[in-house]
Each structure stands twice: as C-alpha cells, then as structure tokens.
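Listed below, chain by chain, are the residues.
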Amino acid sequence: MIAAPLRLSRERIAMYAALLTAICLVQVKFVVAQGFGDWSSFWSAGATAGTPDLLDPHNHIAWQTAHHLPTTIFPYLPGMAWFLVPFTPFSLSVGYGLNFVLMALVTVAAGLLAARIYRMPPALTTILLFAWAPVTAALSTGQNSPAGLVLSLAAIFGIVANSSVVAGVAVGLLLYKLPYALPFVILLVLRRNVRALAVVVLCAAIWYVLSVAATAGDWNWPQHYASALRAYFGSDAHYNAVKAVSIPSLLMRGGVGQTISIIAGAAFFVMAMPLLVRMPLLEAASFTPLLALAASPHVLPYDLALAAPALFYLMTHASEPLRTRLICVLYLLAPLWLLSGVLHFDVLAIICDGLAIAWILKGYNESTPRRHFDIADTRDRSKA
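In this text the structure is predicted, and so the values were computed from the model without any measurement.

Draft legend 1. Region of the structure containing the environment of Val 185. One can find Val 185 in helix α9 (residues 178-190). Residues Val 185 and Val 171 lie 14 residues apart in sequence; the distance between their C-alpha atoms is 7.2 Å.

And the structure:
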C-alpha cells in the first residue's frame, strides 16, 4: 500500500485550521444575510413535529409563512423531525449556530473514523475533510450531510470489518435521507450480507413508526410523503439549475425529460453494479456513495461531502504522480462551486460525474479482478 502523503506538525495544523475557519466564516456571513440558508427548513420541521402541519405541504408552508420563514416542504423522512425538536426552544439564529457546532464535531468524528478505515493520520484526515469544499458548504448552509458522511463511513467500516450489526445500524440510520442509504442497501444485497440487511429492515420499521408519530398518527404517510416529493422535485430542480451536479440533473437542465433523466441515472448505477461485486470490498464500499451521487436526480453541492470516502481511497491506493496531481486538482476545483451563479455551471459536476465515470471505465478495463482485502490487511500508514 502507498503511504499517506505527508505528516502534519502542530503548527501546520493550527495554520490550516485558522485558514479553513476563515473560509467557512465568509460563507456563513452570506448565508446568515440570506435567512440562515436551509436551516430554516429544519427548524420548521422540528417545530411542527407531531402535528399534521409537518407533512401536508399546504399546512407546512402556511405555518412557515405565519412565522415569517422561507417556504418549502421538509424532504426528509418525517421521523427525522424528532431529532430537530431539541433546537426549537432556541431562536432560528441560535439553532443555526448550534447546528454549525454540532456538524463541525460530527466532521471531526468522521475524520477520526476515516483515519481508522484508511490507516491515515487522524489530524490529516480531519484537516482534509474540513478542506473539502462541500463539507464547509454543508456547515455554512445549515445542512446535515456531515452526519450522512460519518454514517457512510461507519457503514463502510462495518461492511469491510464484517460487522453486520455496525453496517446494518449505520445504513439503517442513513435512511433519514433515502438517497444516502439506498446505494448501501444495494451493496449489501449484491454482497449477500443478509444479517446486515435484516438490521436495516428493523431500522426501517422503527423509522416508519417514528414517522407515524411525527405526522400525528398518519399511517399512510409514505403515500403522502411521495406526493409531496413529486411536487417539490420539479420546482427545486428548476430553482437550483445552475447547481446541477449529477448526471440526471444535468440532463434535465439540458432539456431532457424528467423520467428519461431518472432512468438514465438508474442505468448508470446498474452499470456499476457488477464492479461493486467484483472489486475489493473497501474500494467498492468507498465508491458506492460517489456512484450514487452521480446517479441521483437531486444532488446539491453539500451532498458531495459523501464523496470523501472515494477521495481517501484514492489517496491511499492511487499511484504517484497521478495521486498527488489528481487530489490537488480536485481540492482546488471544488471551491469554485461558489461561482456557479456566475459561471452558470457547477464545477462539482466535473468532479462527481467525472470520477464516477472514470472508476467504471477503469473497472471494466481491468483484465483480472484484484484480490479482496479489508481493514486488517492494510498497514498502519500513520507510521509511514
């Protein structure tokens, strides 16, 4: 295996941390000026949890209008709203700040877990996560994709370490946002991890009951939830057209019909499925979130926080000089998503779709499958 690219002194850690904090705070300034970004949607969900106003689009928007908040539906599983209730006693601004701190701590946890999985120095993996522009995008806009990232890493750890409980619980918790979880469910099916799938099913049942309670006893909430998402998807895709990242969203922006675009994304993921079976387990699990991002019809810049496992895999397995050149280019390109309004294009699409396509082409071009390895097979790169 290839050693980690560098070791960090305390002075460098402090310098990088200060620089990344400054970059993130600049984004925060603009988000706060625009009404705290997406956080108002989460705060609204917490405030309406356990009432009919959570799921019904008209009631939810009426509640937001009455409280002088930006209007949108809550596109997560209704049960997710219970986890936002603790923020509601606080004002919108204080809740935003608390979420910022919480997601920053979650990012640190993700860095520590990534260090364990990929055998890299913890300080390095943590700095690399905060330096990855989609992570700071999530922090500044009040989003929760760092939580999705740490759960994805936990799923990867459980899958590779052959711990069905860890993998199943992690994927089960990821069900709070279905596009994050479903690709891992498919991976578990492809790898015939029945025990982990059983845990996921149990978690899904718990989410269903939590969602019934969150919607004031609506046992038919899946149908109403699907209807709300269908109405939300088209308008949101149009509103965020310049931030289109995935293959389906780029096709829709180019004038291709929604149904055909979604089918194209699904076909792209299906094309990768034989590789998810054949490739080494760590590689397959690390690239699963990236493939899902490229194939999903609704991906925004902060979602690419989940591309980090693929980046860590490249850092520890790609050959030089390709590794250093590729990682530097990706990290330098990523912040340009902030200029998507000026460029009328989100450069993260190049990173997301380009890496996913390159991985598939590389996989099919390999004449013989490589041996499988897991965490126990890797050397401790922190000593390199």
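Next comes the rest of the description.
Draft legend 2. Expanded view of the side chain of Asp 218. With respect to the element layout, Asp 218 can be found in the loop between α10 (194-214) and α11 (221-239). Buried charged residue Asp 218 carries no salt bridge. Nearest counter-charge: Arg 230, at 13 Å. Here His 224 takes part through its side chain, which lies 2.7 Å from a polar atom of the side chain of Asp 218. In this structure Asp 218 touches Leu 55, Val 212 and His 224, once residues within four positions along its chain are discounted.

Draft legend 3. Structural context of the nonpolar core. Core analysis: the biggest nonpolar cluster contains 113 residues, and Trp 39, Phe 74, Tyr 118, Ile 156, Tyr 176, Leu 291 and Phe 312 have the highest contact counts within it. Among residues more than four places away in sequence, those in contact with Phe 74 are Ser 41, Phe 42, Ala 45, Leu 54, His 60, Met 80, Ala 81, Leu 84 and Tyr 225.

Draft legend 4. Representation of the packing of aromatic side chains. The full count for this structure, using the stated rule, is 16 aromatic pairs. Residues Trp 39 and Phe 42 carry aromatic rings whose centres are separated by 6.2 Å and whose planes lie at 45° to one another, so their mutual orientation is tilted. A residue pair is termed a helical-turn pair when its members lie 3 or 4 positions apart in one helix, as Trp 39 and Phe 42 do in helix α2 (residues 39-48) at three residues. Residue classification places Phe 42 among the buried positions, given a relative accessible area of 2%. On the numbers, 5.9 Å between centres and 55° between planes, the contact of Phe 83 with Trp 207 is tilted. Within this pair, whereas Phe 83 is found in the loop between α3 (57-66) and α4 (92-118), its partner Trp 207 is found in helix α10, the two being separated by 124 residues in sequence. On the basis of relative accessible area, Trp 207 is assigned to the buried category, the value being 7%. Put simply, the rings of Trp 39, Phe 42, Phe 74, Tyr 76, Phe 87, Tyr 176 and Tyr 180 touch in pairs and so form one group of aromatic residues.

Draft legend 5. Empty space enclosed by the protein, seen in detail. One pass over the structure, following the stated rule, counts one cavity of 30 Å³ or more. Taken as a whole, the largest cavity holds about 40 Å³ of empty space. In terms of lining, the largest cavity is formed by Leu 54, Leu 55, Pro 57, His 60, Ile 73, Phe 74, Tyr 225 and Ala 228. Where the lining of the largest cavity is concerned, the elements lending two or more residues are α3 and α11. When grouped by side-chain class, the residues that make up the lining of the largest cavity number seven nonpolar, one polar and no charged.

Draft legend 6. Up close: the packing of helix α5 (residues 122-131) against helix α15 (residues 308-317). Running from amino to carboxyl end, α5 crosses α15 at an angle of 130°, the nearest separation of the two axes being 11 Å. Viewed along their axes, α5 and α15 adopt a mutual orientation that is oblique. The two elements α5 and α15 meet at a crossing, and its hand is right-handed. Here Thr 125, Leu 128 and Leu 129 of α5 come into contact with α15, specifically with Ala 308, Phe 312 and Met 315. For the contact of α5 with α15, the class distribution of residues is five nonpolar, one polar and no charged.

Cut-off values and rules
Residues numbered from 1 in each chain as written. Predicted model: local features only at pLDDT ≥ 70, side-chain atom pairs only at ≥ 80, totals over all residues. Heavy atoms only, no water. Helix = DSSP H or I, 4+ residues; strand = E, 2+ residues; numbered from the N terminus. Buried < 20%, exposed > 50% of the residue type's maximum accessible area, 1.4 Å probe, protein only. Lys, Arg positive; Asp, Glu negative; His and termini not counted. Salt bridge = Lys/Arg side-chain N within 4 Å of Asp/Glu carboxyl O. Polar contact = N/O pair within 3.5 Å; in protein donor to acceptor, adjacent residues only side chain to side chain. Contact = heavy atoms within 4.5 Å. Core = buried A, V, L, I, M, F, W, Y, C linked by side-chain atoms within 4.5 Å. Phe/Tyr/Trp six-rings, centres within 6.5 Å; stacked < 30°, edge-to-face > 60°. 1 Å grid on protein atoms, 1.4 Å probe; cavity = no way out; pocket = protein on both sides within 12 Å on 5 of 7 lines; lining within 4 Å. Points joined across faces, edges and corners; volume = space filled by probe spheres on them. Nonpolar A, V, L, I, M, F, W, Y, C, P; charged D, E, K, R; others polar. Axes fitted to C-alpha atoms, helices over the stretch in contact; angles between N-to-C directions. Parallel < 35°, antiparallel > 145°, perpendicular 65-115°, else oblique. Left-handed = near helix turned anticlockwise from the far one by under 90°.

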